[in-house]
Amino acid sequence: MEEAREYAENRGMRNLYPLIDLTLAQIAAAAAAWNVALAHDTAAANEAQALGMRPNLWQAQAGMALALAALGRDEEAEVSRTAAAATIAEIAVLFKDDDLRA
């Protein structure tokens, strides 16, 4: 993943930054390295928000909630869960078809 980050950075492929950090966060979470996972999810969320990439933002917020809960930071985890739910609602509004929106 570090090679992927270097490749993307060298080519100005900023749209891949959130995905790279999300992947690194998932790897860290699988190893129960919750502080590392939280750092990557936070970076992914910041970059995704800046780029208007709502699906990546939602995934990062959900990952942050998971990491924060694992770290015993329950109040912050709930804030992240609420933010993730709000992002899902923002995405849903974009769908005109009721079945797809649901």
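Residues numbered from 1 in each chain as written. Predicted model: local features only at pLDDT ≥ 70, side-chain atom pairs only at ≥ 80, totals over all residues. Heavy atoms only, no water.

Enquirer: Hey, could you run me through the overall build of the protein in this one?
Expert: Helix and strand content of the protein: 6 helices and 0 strands. Taken from the N to the C terminus, the helices and strands of the protein come in the order α-α-α-α-α-α. Along the longest, intermediate and shortest principal axes, the C-alpha atoms of the protein span 40 × 40 × 20 Å. Per-residue burial for the protein yields a buried fraction of 32% across its 102 residues. A separation threshold of at least 6 residues defines the contact pool for the protein, and within that pool the share at least 24 residues apart is 42%. (Helix = DSSP H or I, 4+ residues; strand = E, 2+ residues; numbered from the N terminus. Buried < 20%, exposed > 50% of the residue type's maximum accessible area, 1.4 Å probe, protein only. Contact = heavy atoms within 4.5 Å.)

Enquirer: What's the story with the nonpolar core in this structure? I'm lost.
Expert: Listed in full, the 11 residues of the largest apolar core are Leu 22, Leu 38, Ala 44, Ala 45, Ala 48, Leu 57, Ala 60, Met 64, Ala 67, Leu 68 and Ala 77. Elements that contribute at least two residues to this core include exactly helix H3 (34-51) and helix H4 (54-70). Setting aside anything within four residues of it in sequence, one finds Ala 60 in contact with Leu 22, Asp 41, Ala 44 and Ala 45. (Core = buried A, V, L, I, M, F, W, Y, C linked by side-chain atoms within 4.5 Å.)

Enquirer: Looking at this structure, how should I read the packing of aromatic side chains?
Expert: Two measures describe an aromatic ring pair: the distance that separates the ring centres and the angle between the ring planes. The final tally for this structure, using the stated rule, is 0 aromatic pairs. A cation over a ring is seen here: Arg 11 above Tyr 7, with NZ or CZ 3.7 Å from the ring centre. (Phe/Tyr/Trp six-rings, centres within 6.5 Å; stacked < 30°, edge-to-face > 60°. Lys NZ or Arg CZ within 6 Å of the ring centre and 35° of its normal.)

Interpretation in functional terms is not warranted from these geometric data alone.
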